Amino acid sequence: MFEGINYHPNVLDRPAQAALVEALRIAVQAAPLFTPVMPRTGRPFSVRMTNLGSLGWVSDKAGYRYQPHHPETGQPWPAMPDVVLDIWQRFANYPRLPEACLVNFYQQGAKMGLHQDRDEEDFAAPVLSVSLGDTAVFRFGGTTRGGKTQTLKLSSGDVLVMGGASRLCFHGIDRVLSGTSTLLKEGGRINLTLRRVTMP
Ligand code: MD3
Ligand code: FE
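Everything numeric here is computed off the predicted structure, so don't read it as measured data.

*Asks:* Before we move on, could you go through the site of ligand 1 and cite the residues and values that matter?
*Replies:* Around ligand 1 sit 19 residues in total, of which N104, Y106, M162, H171 and R189 are the nearest. The separation between an oxygen atom of ligand 1 and a polar side-chain atom of N104 is 3.0 Å. A distance of 3.0 Å is found between an oxygen atom of ligand 1 and a side-chain nitrogen or oxygen belonging to R195. If you list the elements that add at least two residues to the shell around ligand 1, you get strand 5 (100-106), strand 6 (112-115), strand 7 (127-133), strand 11 (171-176) and strand 12 (189-195). The element contributing the most residues to the shell around ligand 1 is strand 12, with 4 residues. Here the shell around ligand 1 is built from residues that sort into 8 nonpolar, 7 polar and 4 charged.

*Asks:* Tell me about the coordination of the iron ion (ligand 2), and please be specific about residues and values.
*Replies:* Ligation of the iron ion (ligand 2) by protein atoms is provided by H115 (NE2), D117 (OD) and H171 (NE2), these donors lying 2.1 to 2.2 Å from the ion. Read N to C, the donor residues that coordinate the iron ion (ligand 2) are spaced as H-x1-D-x53-H. Since its relative accessible area comes to 7%, D117 is described here as buried.

*Asks:* Run through the packing of aromatic side chains, naming residues and quoting values.
*Replies:* Two numbers describe a pair of aromatic rings. These are the distance of the centres and the angle of the planes. This structure, assessed with the given rule, holds 4 aromatic pairs. Measuring from ring centre to ring centre gives 6.4 Å for F34 and W77, while their planes differ by 35°; the resulting arrangement is tilted. Of this pair, F34 sits in the loop between helix 1 (14-30) and strand 2 (48-53) while W77 sits in the loop between strand 4 (63-67) and helix 2 (82-91); the two residues are 43 residues apart in sequence, bridging distant segments of the chain. For the pair shown, F34 and W77 are each scored as buried. By the ring-pair criterion, three or more aromatic residues cluster together here, those being F45, W57 and Y64.

*Asks:* Please give an account of helix 2 that cites residues and values.
*Replies:* Buried within helix 2 are the following residues: V84, L85, I87, W88 and F91. Axial view of helix 2: buried residues confined to an arc of 155°, hence all on one face. Opposite the packed face of helix 2, turned more than 90 degrees from it, sit the exposed residues D82, Q89 and R90. Phi for N93, located one or two positions after helix 2, is positive at around 55°.

*Asks:* Break down helix 1 for me, citing the residues and quoting the values.
*Replies:* Compared with an ideal rise of 1.5 Å per residue, which puts 17 residues at 24 Å, helix 1 spans 25 Å between its outermost C-alpha atoms and is within 8% of the ideal. Those residues of helix 1 that fall on the buried side of the exposure criterion are Q17, L20, V21, L24 and A27. One side of helix 1 holds all its buried residues, which, seen down the axis, span an arc of 120°. Projecting away from the buried face of helix 1 at angles above 90 degrees are the exposed residues P15, I26 and Q29. Check the buried side of helix 1 and you find it contacts strand 2, helix 2, strand 5, strand 7 and strand 12. Capping the start of helix 1 is the job of one residue whose side-chain oxygen sits 3.0 Å from the backbone nitrogen of A16: D13.

*Asks:* Tell me about the environment of L184, and please be specific about residues and values.
*Replies:* Tracing the backbone shows L184 in the loop between strand 11 and strand 12. With 163 residues separating them in the primary sequence, L184 and V21 have C-alpha atoms 8.1 Å apart.

*Asks:* Run through the sheet that holds strand 11, naming residues and quoting values.
*Replies:* The strand order across the open sheet built from 4 strands is 6-11-8-9, with neighbouring strands paired in antiparallel fashion. The outermost strands of the open sheet, each flanked by one partner alone, are strand 6 and strand 9 (149-154). Between one strand and the next, the sheet's axes are offset by a mean angle of 25°, whatever the strand orientation. Bridging between strand 6 and strand 11 involves 2 bridges; their strand directions are antiparallel.

Parameters and conventions
- Residues numbered from 1 in each chain as written.
- Chains lettered and ligands numbered in written order.
- Predicted model: local features only at pLDDT ≥ 70, side-chain atom pairs only at ≥ 80, totals over all residues.
- Heavy atoms only, no water.
- Near = heavy atom within 4 Å.
- Polar contact = N/O pair within 3.5 Å; in protein donor to acceptor, adjacent residues only side chain to side chain.
- Helix = DSSP H or I, 4+ residues; strand = E, 2+ residues; numbered from the N terminus.
- Nonpolar A, V, L, I, M, F, W, Y, C, P; charged D, E, K, R; others polar.
- Donors = N, O, S within 2.8 Å, 3.2 Å for Na, K, Ca; no water.
- Buried < 20%, exposed > 50% of the residue type's maximum accessible area, 1.4 Å probe, protein only.
- Phe/Tyr/Trp six-rings, centres within 6.5 Å; stacked < 30°, edge-to-face > 60°.
- Arc of directions from axis to C-beta.
- Expected span 1.5 Å × (residues − 1).
- Contact = heavy atoms within 4.5 Å.
- Pairing = 2+ DSSP bridges.
- Axes fitted to C-alpha atoms, helices over the stretch in contact; angles between N-to-C directions.

Keep in mind that these numbers describe shape and distance, not what the molecule does.
Here is the structure:
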């Protein structure tokens, strides 16, 4: 593994995963999934997104940014469920709570190209991910594009913490393996990414 990556399989058992999905279904009624588009080109992402918390990550023709309101409804993002704040407090090893919880929803064929997460001010805080539903092939490399990469399968209930040197590593989702989980009735994968955005 890479310095700063901490992988915790099976943090959430099946009932806890189901309860979290139910909380997300309610949140998505208030803050519907939207399809982000790439800055400048306007090319749509294959992943749909929404956010929870005081700040949410959005991408549109103007660029990538964090903002306190949903881009379509104009409403504040729903609060983060206690269970995700509890996971942060157990695994992030960071004194402040996350401000943003990005919810990525992968349906059939969705993927995410290699990128760095660098829209935050505070790179000292780790990024913490919670996977739900079908298993994903997660790819990560070093801090420069074009270096060696490796893969790790992320399954439902797994937590991944990217801190230290890994905070700025290139990473993405090659593919989601359909039929690997029965958690979501229609299949697919949900990833929650918890982040600190502003400086202390
Ligand atoms: C490595 N999401 O939303 S989570 C993203 O599964 C994102 O939806 C992927 O990359 C997903 O930006 C991967 C694992 C992850 C999250 C944040 C990271 C890995 C990371 C930040 C830095 C390095
Ligand atoms: Fe990322």
